[in-house]
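# Report on the structure
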Amino acid sequence: MAGQAPRRRADARRNEKALLDAAAAVFVTSGVDAPVRDIAARAGVGLGTVYRHFPTRADLVVAVYRHQVEACAEAGPACLADATTPYAALARWIDLFVGLLVTKHGLAAALRSDSAQFDALHSYFLDRLVPVCTELLDAAADAGEIRSDLEAYELMRGVGNLCIGADSDTRYDARRLVELLIAGLRRPTDPDPS
């Protein structure tokens, strides 16, 4: 019997992660008001499982938001460990950050009616992600790959501003503009002395 409890908890964690991933994907394509049955179907669970984990839509929206912020925060060190250069790690992480922001705008709109909860989530977002971005910027600057005079908050704010409207205008490619912004961080190379 004792062996079943940890297995059940592991199953519950897997179900919750599957639900959060499914909800995030459904929110991107159908918005935060998408039917819960679509989320359950995508996660491969029943409606009861969704409501057992997240009794209200707001609970689900907040959980998806936190889950995505955590995934983005955890990706920073992984990008730094796996990339060929710190600049490549920064560029990869910023691409993941853009993905979060495009989803975040829809989630944020759903939470605006509860300003206290929205403010708390915004603080959580900054508290978790600014240090990660700082670490990546510092690594790239220390390697001499980028300018060293940029704060993480400034960069994140700039990227965020470029992402506004990306989910509602098919002619606008936020990722392309963010790539140009990140390329602009590169330090000029010294001209060939020969």
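First things first, this report covers the structure right here in the doc. (Residues numbered from 1 in each chain as written. Predicted model: local features only at pLDDT ≥ 70, side-chain atom pairs only at ≥ 80, totals over all residues. Heavy atoms only, no water.)

Time to look at the overall build of the protein. Counting secondary structure elements, the protein contains eight helices and zero strands. Each helix and strand of the protein, ordered N terminal to C terminal, gives the series α-α-α-α-α-α-α-α. For the protein, with 194 residues in total, the buried portion stands at 36%. Contacts in the protein between residues far apart in sequence, at least 24 positions, make up 68% of those at least 6 positions apart. Accessible surface for the protein amounts to roughly 11,100 Å². Of this, 52% is attributable to carbon and sulfur atoms. (Helix = DSSP H or I, 4+ residues; strand = E, 2+ residues; numbered from the N terminus. Buried < 20%, exposed > 50% of the residue type's maximum accessible area, 1.4 Å probe, protein only. Contact = heavy atoms within 4.5 Å. Areas by Shrake-Rupley, 256 points an atom, 1.4 Å probe, with all protein chains shown as cover.)

Turning next to the side chain of Glu 145. Relative to the assigned elements, Glu 145 resides in the loop between helix H6 (115–142) and helix H7 (152–163). One buried charged residue, Glu 145, forms no salt bridge at all, with the nearest opposite charge on Arg 186 at 4.7 Å. Of the polar contacts made by the side chain of Glu 145, one reaches the backbone nitrogen of Tyr 87; its length is 2.7 Å. The residues contacting Glu 145, other than those within four sequence positions of it, are Thr 85, Pro 86, Tyr 87, Ala 140, Leu 185, Arg 186 and Arg 187. (Lys, Arg positive; Asp, Glu negative; His and termini not counted. Salt bridge = Lys/Arg side-chain N within 4 Å of Asp/Glu carboxyl O. Polar contact = N/O pair within 3.5 Å; in protein donor to acceptor, adjacent residues only side chain to side chain.)

Both the distance between ring centres and the angle between the ring planes are used here to describe each pair of aromatic rings. Per the stated rule, a full pass over the model turns up three aromatic pairs. Ring centres of Trp 93 and Phe 97 lie 5.3 Å apart, and the angle between their planes is 10°; this geometry places the pair in the stacked category. Of this pair, Trp 93 and Phe 97 both sit in helix H5 (residues 86–111), four residues apart, which is roughly one turn of the helix. On the basis of relative accessibility, which here comes to 0%, the residue Trp 93 falls in the buried class. Taking relative accessible area as the criterion, Phe 97 reaches 1% and is therefore assigned buried. Plain terms: the ring middles of Phe 97 and Phe 125 are 5.9 Å apart, the flat faces sit at 25° to each other, and that makes the pair stacked. You can see Phe 97 sitting in helix H5 and its partner Phe 125 sitting in helix H6, a full 28 residues away along the chain. The buried category is assigned to Phe 125, whose relative accessible area is 5%. (Phe/Tyr/Trp six-rings, centres within 6.5 Å; stacked < 30°, edge-to-face > 60°.)

Tracing the backbone shows Ala 22 in helix H1 (residues 4–30). The class for Ala 22 is buried, based on a relative accessible area of 4%. For the pair Ala 22 and Ile 39, spaced 17 residues apart in the sequence, the C-alpha separation amounts to 5.7 Å. Setting aside anything within four residues of it in sequence, one finds Ala 22 in contact with Ile 39, Arg 42 and Ala 43.

The grouping of Glu 135, Asp 138, Asp 142, Glu 151 and Glu 154 at the surface amounts to a negative patch. For the negative patch, the element with the most residues is H6, which contributes three residues. With respect to the element layout, Asp 138 can be found in helix H6. We classify Asp 138 as partly exposed; its relative accessible area is 41%. (Patch = residues over 30% accessible without salt bridge, like charges linked within 9 Å, V, L, I, M, F, W, Y side chains within 5 Å. Charge placed at Lys NZ, Arg CZ, Asp CG, Glu CD.)

Function cannot be inferred from these measures alone, as they are strictly geometric.
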